[in-house]
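Read off the chains here:
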2 protein chains.
Amino acid sequence: MLRYSIIGTGAVGGYFGARLARAGAAVRFLARSDYEAIKSHGLNVDSVAGSFSLPAPEVYSSTEHMPESDVVAVAVKTTSNGELPKLLAPLIKPGTVILIMQNGLGEESAIQAAFPEALVLGALCYICAWKDGPGSVVHRDKGTVTLGALSGRHDDDETRREALQQIARDFALAGVPADISDSLGTSRWRKLLWNIPFNGLSVTLDADTREIMASPSARRMAARLMEEVMRGAAAAGFPLEPDAAKKMLAYTETMTPYKPSMKLDWEAQRPMEIESMYRNPVRAARSAGVELHAIAHLADELEYMEARRAVSRG
Amino acid sequence: MLRYSIIGTGAVGGYFGARLARAGAAVRFLARSDYEAIKSHGLNVDSVAGSFSLPAPEVYSSTEHMPESDVVAVAVKTTSNGELPKLLAPLIKPGTVILIMQNGLGEESAIQAAFPEALVLGALCYICAWKDGPGSVVHRDKGTVTLGALSGRHDDDETRREALQQIARDFALAGVPADISDSLGTSRWRKLLWNIPFNGLSVTLDADTREIMASPSARRMAARLMEEVMRGAAAAGFPLEPDAAKKMLAYTETMTPYKPSMKLDWEAQRPMEIESMYRNPVRAARSAGVELHAIAHLADELEYMEARRAVSRG
């Protein structure tokens, strides 16, 4: 198996990293605020796919002293992406694979631009999970990844394909179903099809997925936002299947009622991923000549809520 | 002066009706829940343009016993429009002028359809005013009307013009600046240019006009909603001047900080004018092939808030 450095030991980094470690991979976790807790109590995964603990995970409080890995997996919130170039710098050698396990759009390109010598891949994490304390991850539904490479870099397709396949194999060995997408862009937009409506609406409407689906007005909002994602995807050159939005709505009805990550961020008074999840798709569509007004409105409303809370906290 | 029956003695009906009565017009007020209070304490207008009282206004609790007037002025909330055909029936004779003093879009056509023998006109009321108790109106800014006739009925242009001019003269005698619009449709859409952003956002963001204008994100929402109103107006055949939105934003900055009527309705737990102010413009644009997604999103959000409150009140 490959050696992994997991940057950010929250729900995503904690869950997938712990699965890989448990399966025998060398996994190094970066945990900053949670370092002491994980050092003392290990990493604990309460999972529908089988709970387990890593009593003594290899954990670091800084990237400075992390050993060289084959894959640097980025699992911090995109709201911290401004600091990624500095944070990752000690870890990246020519050919290091950087695996972006974040939500949103455009992060792979930004990191590729910061580290031109790295091989940047994306992982779309489909998982209902959250951190319910330092080193403690709750996993309640799904738990798969879709891997893909940035398009438009045909200089080294073979290396890229091999890296994707090797990571997919490692995930499979770790009990994590993993597939490889032919088009990372299409996969990113498909994930936005769910993330854009349900993350934002869960905050502005103060509602979980079941409440959104049960309300005719909220469901209309979700369907309209999905329609805009479909238009944006098509404009950006990554058209989804015509019935993708309909299927995603139907699928959401079957889901365990769920608070999306943005709702958890909001409740925990953490910054929300507005930029990567909303602004970047709106900008991508706009640069292709398409305005996504409902999405932009929702993004502005989230920003307004965040700004007002900052003021009220002084 | 003409004789007026004012249907609804809230801020709009109370203010303009009281001005007309004070200037000597025969004005009959319909007041249902406020009937006893007005009968006992009269109509009191606390106004930037000069405060005054009508100690014994001609007030009725039902349209059944109201005497015949030349103008039946409709000043109830559009949320009551479902009952208007029944409510107005006793008052309408062939040639009676019905003056729609409501917000929103499409109400003149609906009333004209219900009373084909009436002469339906519209009055756009530009006024910052509210009812702060039964028979008590507070007027803090503006206070003008723009009058207009439904287009597409060229059978009796002269009668229509004369009625508009006579009403405009009466308002002027009453100290209310009144002008006549060549296009009621254009005037209605121009008023929506303000009403659509500031009414809805004041509720969803819990903010007054100054707070909306002071926040970059809220201001962007307002500007985007205005852009959609401009597109809707053009699609519906009533294009506004290209700089209308920009001017309206600049004008709003000069306004006394203000809670729009929908915000007052929301706070008083009254139904909001979502249908006439949001759904009708969205439908009008859609039937001309244009989707107004941000406006539709805002309308759904208002409906969601209203529905949830109804549930929480049992």
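Refer to the structure printed above.
None of the values given here were measured: they were computed from a predicted structure. (Residues numbered from 1 in each chain as written. Chains lettered and ligands numbered in written order. Predicted model: local features only at pLDDT ≥ 70, side-chain atom pairs only at ≥ 80, totals over all residues. Heavy atoms only, no water.)

The subject of this paragraph is the packing of aromatic side chains. Two descriptors summarise a pair of aromatic rings, namely the distance from one centre to the other and the angle between the planes of the rings. Taken as a whole and assessed by the stated rule, the structure comprises six aromatic pairs over all chains. Aromatic side chains Tyr15(A) and Phe16(A) sit 5.1 Å apart centroid to centroid with 80° between the ring planes, which places their arrangement in the edge-to-face category. Classification of Tyr15(A) by relative accessible area gives buried; the value is 1%. Here the aromatic residues Tyr15(A), Phe16(A) and Phe171(A) are joined through ring pairs into a cluster of three or more. Of note, Arg22(A) hangs over the ring of Phe52(A), and the distance from its end group to the ring centre comes to 4.5 Å. Lys191(B) extends its terminal NZ or CZ atom over the ring of Tyr126(B), reaching a point 5.3 Å from the ring centre. (Phe/Tyr/Trp six-rings, centres within 6.5 Å; stacked < 30°, edge-to-face > 60°. Buried < 20%, exposed > 50% of the residue type's maximum accessible area, 1.4 Å probe, protein only. Lys NZ or Arg CZ within 6 Å of the ring centre and 35° of its normal.)

Let us now look at helix H4 (residues 107–114) of chain B. Residues and elements named next belong to chain B. Every buried residue of H4 is accounted for by Glu107, Glu108, Ile111 and Gln112. The buried side chains of H4 occupy one side of the element, clustering within an arc of 130° when seen end-on. Residues of H4 that are buried make contact with helix H3 (84–88), strand S7 (97–100), strand S8 (119–133), helix H6 (184–204) and helix H11 (274–287). (Helix = DSSP H or I, 4+ residues; strand = E, 2+ residues; numbered from the N terminus. Arc of directions from axis to C-beta. Contact = heavy atoms within 4.5 Å.)

Attention shifts here to the packing of helix H6 (residues 184–204) of chain A against helix H11 (residues 274–287) of chain A. Residues and elements named next belong to chain A. With their axes 10 Å apart at the nearest point, H6 and H11 run at an angle of 130° to one another. Relative to H11, the element H6 is oriented oblique. When you trace H6 past H11, the crossing you get is left-handed. Seen from H6, the contacting residues are Trp189, Leu192, Asn195, Ile196, Asn199 and Gly200; seen from H11, they are Met277, Tyr278, Pro281 and Ala284. Among the residues forming the contact of H6 with H11, the class breakdown is seven nonpolar, three polar and no charged. (Axes fitted to C-alpha atoms, helices over the stretch in contact; angles between N-to-C directions. Parallel < 35°, antiparallel > 145°, perpendicular 65-115°, else oblique. Left-handed = near helix turned anticlockwise from the far one by under 90°. Nonpolar A, V, L, I, M, F, W, Y, C, P; charged D, E, K, R; others polar.)

Residue and element names in this part refer to chain A. With their axes 8 Å apart at the nearest point, helix H8 (residues 216–235) and helix H12 (residues 293–312) run at an angle of 115° to one another. Residues Arg224, Leu225, Glu228 and Val229 of H8 lie in contact with H12, whose contacting residues are His293, Ala294, Ile295 and Leu298. Residue classes in the contact of H8 with H12 are distributed as five nonpolar, one polar and two charged.

Before going further, it helps to examine the interface of chain A and chain B. Contacts between the two partners involve 27 residues from chain A and, on the opposite side, 27 residues from chain B. Buried area between chain A and chain B, both sides added, is near 2,200 Å², and the carbon and sulfur share of it is 52%. Considering only the surface of chain A that becomes buried against chain B, His293(A), His297(A) and Tyr304(A) emerge as the three largest contributors, covering 33% of it. Inspection of the chain A/chain B interface yields six salt bridges. Residue Arg224(B) is joined to Asp300(A) by a salt bridge in which the shortest nitrogen-to-oxygen separation is 2.7 Å. Seen at the junction of chain A and chain B, the total is 14 residue pairs in polar contact (both at pLDDT 80 or more). For the side of chain A that touches chain B, the leading source of residues is H12(A), giving ten residues. Among the residues forming the side of chain A that touches chain B, the class breakdown is ten nonpolar, five polar and twelve charged. (Buried area = accessible area lost by both parts, 1.4 Å probe. Salt bridge = Lys/Arg side-chain N within 4 Å of Asp/Glu carboxyl O. Polar contact = N/O pair within 3.5 Å; in protein donor to acceptor, adjacent residues only side chain to side chain.)

Next up on the list: the environment of Ala168(A). Along the chain, the position of Ala168(A) falls in helix H5 (residues 157–173). Residue contacts for Ala168(A): discarding those within four places in its chain leaves Leu147(A), Ala178(A) and Ile180(A).

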